[in-house]
Amino acid sequence: MRIAILDDYQNVAGDFADWSRLPATETLTIFTDHLADEEALAARLAPFEILCVMRERTPLPARLIQRLPQLKLIVTTGMRNASIDIQAAQDQGVLVCGTASPGHATAELTFGLILSLARGIPQEFQSVRQNGWQTAVGRELKGATLGIIGLGRLGAAVAHYATAFGMKVIAWSQNLTAERTAEVGVELVGKERLLAQSDFVTIHLRLSDRTRGLMGPEEFARMKTDAYLVNTSRGPIIDRVALSNALARGTIAGAAIDVYDQEPLPKDHPFRGLPGLIATPHIGYVTRETYEVFYRETLEAVLAFLKGAPIRVIEP
């Protein structure tokens, strides 16, 4: 069979799994670039029976899957991938399998972004690089209030980091319960109170119809003018225009974003030059330790499929 690994941006897929374990009859192709054009992508992927995808880097909607008649298996890193139409794959007889996803790397990046916003680390770094010196006055995290929207596995990890720094932590989401906040050791509040009281707001929700556009003009208007927003979850949870306006008008002090409506971010995207914004290229899960899990278990899933005993099958 012909096997393709997509979007290996750093050209490291071969380093994190022993692909020599594939039978000699199988052909492996690794693509390090990203194709956004669906026509070009369909032409590239048409010969392959197996596609190995990294998170949501290359969406596989129904219309694309239907143009890949040779396709028999999709392996995604993680056990959830909203950019793959699982039902369409099943309807076409294509199996979808996944891998484990450690997750804590994204929580670590979140707190790194919080620190970067609080102390203006990117700006001060650039000042030194440009032969300057101190340019602004930072703020401390101890005693500041962190508002967490979404208290699942990642939100809880961020809460624990914040507690270690002496922050007050409050949390909200549509289905969050007092039992869950008590378990994590944070305070349950309403959405309006969280936005009004937090010095830092961080988002840890899955993208859904309920969460799309959750942070819009009204939400930014409720935040403190010296507050910061962090999003390492999914780009469309934040109204892009509302965020741009809030930063341009000084409605909030700044933001740090690791996820976007369109990825990779277009060269002319306004976020690349927006004042007060720290923009990172969706690196929440991009660590050696996480890649080791992702690529090793991707290979395991491919080998299991070739043996007729698929593992970690994802159902619609």
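Residues numbered from 1 in each chain as written. Predicted model: local features only at pLDDT ≥ 70, side-chain atom pairs only at ≥ 80, totals over all residues. Heavy atoms only, no water.

Draft legend 1. Focus on the overall build of the chain. A tally of regular secondary structure across the chain gives 11 helices and 12 strands. Over its C-alpha atoms the chain spans a radius of gyration of 21 Å, differing by no more than 12% from the 20 Å that the globule rule assigns to 316 residues. Referenced to the eigenvectors of the C-alpha coordinate spread, the extents of the chain come out at roughly 60 × 50 × 30 Å. Going through the 316 residues of the chain one by one, you find that 50% of them count as buried. (Helix = DSSP H or I, 4+ residues; strand = E, 2+ residues; numbered from the N terminus. Rg over C-alpha atoms; globule rule 2.2 N^0.38 Å. Buried < 20%, exposed > 50% of the residue type's maximum accessible area, 1.4 Å probe, protein only.)

Draft legend 2. Looking closely at the layout of surface pockets. Put simply, the second largest pocket is a space of about 320 Å³. In terms of lining, the second largest pocket is formed by 19 residues, of which the most central are Tyr-260, Leu-265, Thr-280, Pro-281 and His-282. Split by residue class, the lining of the second largest pocket holds 12 nonpolar, 4 polar and 3 charged. (1 Å grid on protein atoms, 1.4 Å probe; cavity = no way out; pocket = protein on both sides within 12 Å on 5 of 7 lines; lining within 4 Å. Points joined across faces, edges and corners; volume = space filled by probe spheres on them. Nonpolar A, V, L, I, M, F, W, Y, C, P; charged D, E, K, R; others polar.)

Draft legend 3. Focus on the packing of aromatic side chains. Applying the stated criterion to the full structure yields 8 aromatic pairs. Ring centres of Phe-31 and Phe-48 lie 5.9 Å apart, and the angle between their planes is 85 degrees; on these two criteria the pair is classed as edge-to-face. You can see Phe-31 sitting in the loop between strand E2 (27–30) and helix H1 (38–45) and its partner Phe-48 sitting in the loop between H1 and strand E3 (50–53), a full 17 residues away along the chain. Exposure class is identical for Phe-31 and Phe-48. Each is buried. Counting every residue linked through ring pairs, the aromatic cluster contains Phe-16, Tyr-291 and Tyr-295. (Phe/Tyr/Trp six-rings, centres within 6.5 Å; stacked < 30°, edge-to-face > 60°.)

Draft legend 4. Broad picture of the pattern of salt bridges. Taken as a whole and judged by the stated rule, the model has 13 salt bridges. A salt bridge links Glu-38 to Arg-63; the shortest N-O distance between them is 2.8 Å. Residue Glu-38 is located in helix H1, and its partner Arg-63 is located in helix H2 (residues 62–65); the two are separated by 25 residues in the primary sequence. Linking Glu-183 and Arg-180 is a salt bridge whose minimum nitrogen-to-oxygen distance equals 3.3 Å. (Salt bridge = Lys/Arg side-chain N within 4 Å of Asp/Glu carboxyl O.)

Draft legend 5. Spotlight on the side chain of Ser-244. Note that Ser-244 resides in helix H10 (residues 240–249). Non-local contacts of Ser-244, meaning those with residues more than four positions away in its chain, are made with Phe-271 and Leu-274. (Contact = heavy atoms within 4.5 Å.)

Draft legend 6. Quick peek at the sheet that holds E2. Read across the sheet, 5 strands follow the order E2-E1-E3-E4-E5 without closing on themselves; strand pairing throughout is parallel. Taken across any chain shown, the strands that pair with only one partner, and hence form the sheet edges, are E2 and strand E5 (95–97). Recorded for the sheet is a direction-independent mean angle of 15 degrees between the axes of neighbouring strands. Pairing geometry for strand E1 (residues 2–5) and E3, over 3 bridges, is parallel. Across the sheet, residue Ile-3 finds its bridge partner in E3, namely Ile-50. Those strands touched by helix H11 (residues 288–306) are E1, E3, strand E4 (73–76) and E5, and its axis lies near 160 degrees from that of E4. (Pairing = 2+ DSSP bridges. Axes fitted to C-alpha atoms, helices over the stretch in contact; angles between N-to-C directions.)

Draft legend 7. A look at H1. Within the span of H1, buried status applies to Leu-41, Ala-42 and Leu-45. Considered in projection along H1, the buried side chains sweep an arc of 100 degrees and stay on one side of the axis. In this structure, the buried residues of H1 make contact with E3 and H2. Between the side-chain oxygen at the start of H1 and the backbone nitrogen of Glu-39 there is a gap of 3.2 Å, and the oxygen is on Asp-37. (Arc of directions from axis to C-beta. Polar contact = N/O pair within 3.5 Å; in protein donor to acceptor, adjacent residues only side chain to side chain.)

Draft legend 8. Structural view of the nonpolar core. If you look at the biggest cluster of nonpolar residues, it comprises 29 residues, and the most contacted ones within it are Ile-149, Met-215, Phe-220, Met-223, Leu-229 and Leu-243. Elements that contribute at least two residues to this core include exactly strand E7 (168–172), helix H8 (191–197), strand E9 (200–203), H10 and strand E11 (254–257). In terms of residue count, the dominant contributor to this core is H10 (4 residues). Within the second largest apolar cluster, 28 residues are counted, among which are Ala-107, Leu-141, Val-184 and Ile-278. (Core = buried A, V, L, I, M, F, W, Y, C linked by side-chain atoms within 4.5 Å.)

Draft legend 9. Region of the structure containing the pairing of strand E10 (residues 228–231). Residues Tyr-228 and Val-230 point to one face of E10 and Leu-229 and Asn-231 to the other, with burial holding for every one of them. Relative to E10, E9 is paired through 4 bridges, and the arrangement is parallel. Residue pairing in the sheet places Val-201 in a bridge with Leu-229 of E10. Traced from E9 through helix H9 (residues 217–222) to E10, the parallel crossover comes out right-handed. Summarising the sheet, E10 and E11 pair through 4 bridges and their orientation is parallel. Each residue of the ladder has a partner; that of Leu-229, found in E11, is Ala-255. Traced from E10 through H10 to E11, the parallel crossover comes out right-handed. (Right-handed = clockwise from strand over helix to strand, strands pointing away.)

Draft legend 10. Local environment of the environment of Arg-139. Along the chain, Arg-139 turns up in the loop between helix H5 (121–129) and strand E6 (145–149). Remark: the alpha-carbon pair of Arg-139 and Ile-84, spanning 55 residues in sequence, is separated by 42 Å. At 3.2 Å, the side chain of Arg-139 and the side chain of Asp-199 are in polar contact. Within the structure, the side chain of Arg-139 is placed 3.0 Å from the backbone oxygen of Asp-226, a separation counted as a polar contact.

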